[in-house]
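A structural walkthrough
Residue-level listing of the chains:
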Amino acid sequence: MRFFIDTANLKEIKEANDLGILDGVTTNPSLMAKEGITGAQNILNHYLAICEIVDGPVSAEVIATDFDGMIREGEQLAALHKNIVVKIPMILEGIKAIKYFSAKNIRTNCTLVFSAGQALLAAKAGATYISPFLGRLDDVSTDGISLIAQIRLIYDNYAFDTAILAASVRHPMHIINCAEIGADVMTGPLSAIKALAKHPLTDLGLQQFLADYAKGNK
Ligand code: G3P
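The structure reproduced in this document is the subject of the present report. Quick caveat: nothing in here was measured; it's all calculated off a predicted structure. (Residues numbered from 1 in each chain as written. Predicted model: local features only at pLDDT ≥ 70, side-chain atom pairs only at ≥ 80, totals over all residues. Heavy atoms only, no water.)

Some points on the side chain of His174
Applicable threshold: Strands here mean DSSP runs of E at least two residues long; helices mean DSSP runs of H or I at least four residues long; both are numbered from the N terminus. Counted as a polar contact is a pair of N or O atoms within 3.5 Å, where, for protein atoms, one must be capable of donating a hydrogen and the other of accepting one, and residues adjacent in sequence contribute only when both atoms are in side chains. Here a residue-residue contact requires only that any non-hydrogen atoms of the pair lie within 4.5 Å.
Inspection of the secondary structure puts His174 in helix α9 (residues 172–181). A polar contact of 3.1 Å, which involves the side chain of His174, links it to the backbone nitrogen of Arg170. Contacts of His174, omitting those with residues within four sequence positions, involve Leu134, Gly135, Asp138, Ile145, Ser168 and Val169.

Let's talk about the pattern of salt bridges
What counts, and what does not: Criterion for a salt bridge: a side-chain nitrogen of Lys or Arg within 4 Å of a carboxyl oxygen of Asp or Glu. Accessibility here uses a 1.4 Å probe with only protein chains present; expressed as a share of the type maximum, an area under 20% marks a residue as buried, one over 50% as exposed, and anything in between as partly exposed.
Taken as a whole and judged by the stated rule, the model has nine salt bridges. When the shortest N-O distance is used, the salt bridge between Asp184 and Arg152 registers 3.1 Å. Residue Asp184 is found in the loop between α9 and β8 (185–188), and its partner Arg152 is found in helix α8 (residues 144–158); the two are separated by 32 residues along the sequence. Judged by relative accessible area, which is 25%, Asp184 ranks as partly exposed. The partner of Asp212 in a salt bridge is Lys215, with the nearest N and O atoms 3.3 Å apart. Taken together, the positions of Asp212 and Lys215, both in helix α11 (residues 200–216) and three residues apart, correspond to about one turn of that helix. On the basis of relative accessibility, which here comes to 54%, the residue Lys215 falls in the exposed class. Ionic contacts of the salt-bridge type, sharing partners, join the residues Arg152, Asp156 and Asp184 into one network.

Focus: the environment of Ile98
Inspection of the secondary structure puts Ile98 in helix α5 (residues 92–103). Ile98 sits 103 residues away from Leu201 along the chain, and the two C-alpha atoms are 47 Å apart. Every residue in contact with Ile98, bar those within four places of it in the chain, is listed here: Ile88, Thr108, Cys110, Ala122, Ala125, Gly126 and Ala127.

Focus on the pairing of strand β4 (residues 84–89)
Stated formally: Whether two strands pair depends on DSSP finding at least two bridges between them. We call a crossover right-handed when, viewed with the strands running away from us, the connection from the first strand over the helix to the second turns clockwise.
Counting buried residues along β4, six of its six residues qualify, which places the element largely inside the surrounding structure. Residues Ile84, Val86 and Ile88 line one face of β4 and the alternating positions Val85, Lys87 and Pro89 line the opposite face, and both faces are buried. Alignment of strand β3 (residues 58–61) against β4, held across four bridges, turns out to be parallel. Across the sheet, residue Glu61 finds its bridge partner in β4, namely Lys87. Crossover β3 to β4 through helix α4 (residues 67–80) is right-handed. Pairing between β4 and strand β5 (residues 108–113): four bridges, direction parallel. The residue bridging Val86 from the neighbouring strand is Thr108, located in β5. One crossover worth recording links β4 to the parallel β5 by way of α5, and it is right-handed.

Don't take any of this as a statement about function, it's just geometry.
As structure tokens, then:
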């Protein structure tokens, strides 16, 4: 299972990368705005800064919602760095754009996926990744993990190459549940990734080992 970090915060990206378990980065316009990155050129520079930290796919989202605009922006993003994956919203114009990029071997991440039908359509168009937002489904009393399982079944039935990138991950149980189901990738905040390491018995056990060592080596 590949681990992506879902942030535009360079410090957090570095921290996750230094752990040695980071495979890529996802961003979106809201995450960019949260870091105060505004203006087209600053945003492009920020993607480059991320690509310099992480040697793996970096999703960069188009802002246009029409086919021509998405193609123009997507080609510019893809030309920026070899690690860039063009992130395209799950709308019909987006499906056409994914098909266009797929034919040109430009990698895409179809974002804002909330149903199995959307996931099927994006896979048929040749999306490299699809991003079902499981946390946002949980927010509206709909089981996000069940959607990941449904998409896994459909993709396996037809051997679609499209990778399931579980997104809107909020906590460690989301990551574990996605791993049980067989999501190819998860993208989440640094807090959820670091929380995987936590167990009180580990802390207590280590404390005891160190205390016993200290007793015998006075
Ligand atoms: O990867 C999608 C993500 O950025 C959305 O997460 O927590 O805003 O639902 P969230």
